[in-house]
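Architecture and fold: a report
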Amino acid sequence: MRFSFSRLAIVCLAGVALSGCVGEDSALVSPASFKIGLSKDPKLLVATTRLPVGEPLRKPWFSSERSADMIFAEARLIPPSDSLLSSGSWSIAKVDNVERSSAAQAFAQAAFGRDLLLYIHGYKESFETAATSTIDLSEGIKFAGVTGLFTWPSAASTFSYVADRESAMWSRDSLEDLLAAIAKTPSGGRIHIVAHSMGTLLTLETLRMLRASGGESAMERIGAVVLAAPDIDIDLFARGLERLGPDAKKITVISSTNDRALAVSSRLAGGIVRAGAADRERLEALGVRVADASEFGGGIINHDLFLSNKEVQQVVKRAIERS
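In what follows, the accompanying structure is described.

**Digging into the overall build of the protein**
Per the secondary structure count, the protein includes twelve helices and nine strands. Split into buried and exposed, the 323 residues of the protein put 48% on the buried side. Counting contacts in the protein only where the partners sit at least 6 residues apart, residues at least 24 apart contribute 76% of the total. Carbon and sulfur atoms make up 54% of the accessible area of the protein, which totals about 15800 Å².

Okay, structure coming up:
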């Protein structure tokens, strides 16, 4: 009996040590404290070269028209409900804290002191579809820092490929200003970039510009750079990597030789293979990491595997962890 009482006493003391002394709101006993990223702070930082809709902003928040200046805003999100009647997806409640005159600095201040996951979308995307993809990516990899979206004025139309490419390239200076502003903040985390499709061309060109203007110091804060299904001429891709020099090692390419969208893009470009559909050996010879997702492409298009396939999504997570 004495042995049982002693054992009980030890268990009770251990329980007090773990919970009683720190109170009910302790991280050890409060389920809410285990939330990270968007689940903890349901807010999406937005930098955009799209023209705002309305004053004040109203749905669909940002249009496909070009804004003369980059704009910063915060999208307040509503997490999925546990209700059986819920759609089970995130939604945008409102977009506020709009800053037009010093958008890059406002974004950098909002991300101050934390790691940043910055998503750059591809062709045929509206603001809302790009925001949804950003949220899905962040939640899919359980990113612990702050999540951001750089969205350029895609026309969100199947027949707008050429116009979209022009708008993406038109947005290079704004993206460079954004990355430079974040990199210059005196205290902060790493900038992890995930770009998709046509957005990878915008990203690669901007990184070239950033390295040319800011040198190694501007690139130090750049962590992982993941280019998912890059819609880039393979020769242009190789030239861009040359300009990046040793910083090309930060890049991970998610490729797929059966990407139907890139096959169409290749035909439009005169038959030149796109980087996202090139053979693994050819890409690795350029000095980048390669995740060949061809075996996971069982759909018709196979162009967004980093969002639709959990195993491919983990490539992004591992790239960030390595950096």
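**Let's talk about the side chain of Ser197**
Structurally, the position occupied by Ser197 is in the loop between strand E6 (191-196) and helix H7 (198-219). Contacts of Ser197, omitting those with residues within four sequence positions, involve Gly122, Ala228, Ala229, Pro230, Asp231 and His303.

**Looking at the pattern of salt bridges**
Overall, the coordinates contain 14 salt bridges when judged by the stated rule. Its salt-bridge partner being Asp41, residue Arg114 comes within 3.8 Å of it at the nearest N-O pair. With a gap of 73 residues between them, Arg114 in the loop between helix H3 (103-110) and strand E4 (116-120) and Asp41 in the loop between helix H2 (37-40) and strand E1 (43-52) connect regions that are remote in the sequence. Classification of Asp41 as partly exposed rests on a relative accessible area of 31%. The residue Arg280 makes a salt bridge to Glu284 at a minimum N-O spacing of 3.0 Å. Here Glu284 and Arg280 lie together in helix H10 (residues 280-284), a separation of four residues that amounts to about one turn. Given the relative accessible area of 38%, Glu284 is considered partly exposed. Residues participating in the shared-partner salt-bridge network are Glu74, Arg76, Lys94 and Asp96.

**Considerations on empty space enclosed by the protein**
Once rolled over the atoms, a probe with the size of a water molecule shows which space is left empty. Within the structure shown, the criterion is met by two cavities of 30 Å³ or more. Considering only enclosed or pocket space, the largest cavity measures out at about 70 Å³ in volume. Around the largest cavity sit 14 residues that line it, and Ala229, Ile254, Asn302, His303 and Leu305 are the ones nearest its centre. Looking at the lining of the largest cavity, the elements that each hand over two or more residues are strand E8 (251-255) and helix H11 (305-308). Partitioning the lining of the largest cavity into residue classes produces six nonpolar, six polar and two charged. Estimates place the volume of the second largest cavity at around 50 Å³. Considering the residues around the second largest cavity, the lining is formed by Ala108, Ala111, Phe112, Gly113, Arg114, Leu116, Ile182, Thr185, Ser187, Gly188, Gly189 and Arg221. Within the lining of the second largest cavity, the residues separate by chemical class into five nonpolar, five polar and two charged.

**Focus: the packing of helix H4 (residues 127-141) against helix H12 (residues 310-322)**
At a minimum axis distance of 9 Å, the contact between H4 and H12 shows a crossing angle of 70°. Between H4 and H12, the interaxial angle falls into the category roughly perpendicular. Here the hand of the crossing between H4 and H12 comes out right-handed. Along the contact surface, H4 presents Asp136, Leu137, Gly140 and Ile141, while H12 presents Gln313, Gln314, Val316, Lys317 and Ile320. Residues of the contact of H4 with H12, tallied by class, amount to four nonpolar, three polar and two charged.

**Concerning the layout of surface pockets**
Space inside the largest pocket adds up to approximately 500 Å³. Class assignment of the residues belonging to the lining of the largest pocket gives a composition of seven nonpolar, seven polar and five charged. In this structure, the second largest pocket occupies an estimated 150 Å³ of space. Lining the second largest pocket, in full, are Glu176, Asp177, Ala180, Ala183, Lys184, Leu210, Ser213, Gly214, Ser217 and Ala218. Looking at the lining of the second largest pocket, the elements with two or more residues in it are helix H6 (172-184) and H7.

**Some words on the environment of Ser160**
Structurally, Ser160 can be placed in the loop between strand E5 (146-151) and helix H5 (161-170). Residue classification places Ser160 among the buried positions, given a relative accessible area of 7%. In this structure the C-alpha to C-alpha distance between Ser160 and Lys124, which are 36 residues apart in sequence, comes to 7.3 Å. In contact with Ser160, not counting residues within four places along its chain, are Tyr123 and Ala155. A distance of 2.6 Å separates a polar atom in the side chain of Ser160 from the backbone oxygen of Ser157.

What counts and how
Residues numbered from 1 in each chain as written. Predicted model: local features only at pLDDT ≥ 70, side-chain atom pairs only at ≥ 80, totals over all residues. Heavy atoms only, no water. Helix = DSSP H or I, 4+ residues; strand = E, 2+ residues; numbered from the N terminus. Buried < 20%, exposed > 50% of the residue type's maximum accessible area, 1.4 Å probe, protein only. Contact = heavy atoms within 4.5 Å. Areas by Shrake-Rupley, 256 points an atom, 1.4 Å probe, with all protein chains shown as cover. Salt bridge = Lys/Arg side-chain N within 4 Å of Asp/Glu carboxyl O. 1 Å grid on protein atoms, 1.4 Å probe; cavity = no way out; pocket = protein on both sides within 12 Å on 5 of 7 lines; lining within 4 Å. Points joined across faces, edges and corners; volume = space filled by probe spheres on them. Nonpolar A, V, L, I, M, F, W, Y, C, P; charged D, E, K, R; others polar. Axes fitted to C-alpha atoms, helices over the stretch in contact; angles between N-to-C directions. Parallel < 35°, antiparallel > 145°, perpendicular 65-115°, else oblique. Left-handed = near helix turned anticlockwise from the far one by under 90°. Polar contact = N/O pair within 3.5 Å; in protein donor to acceptor, adjacent residues only side chain to side chain.

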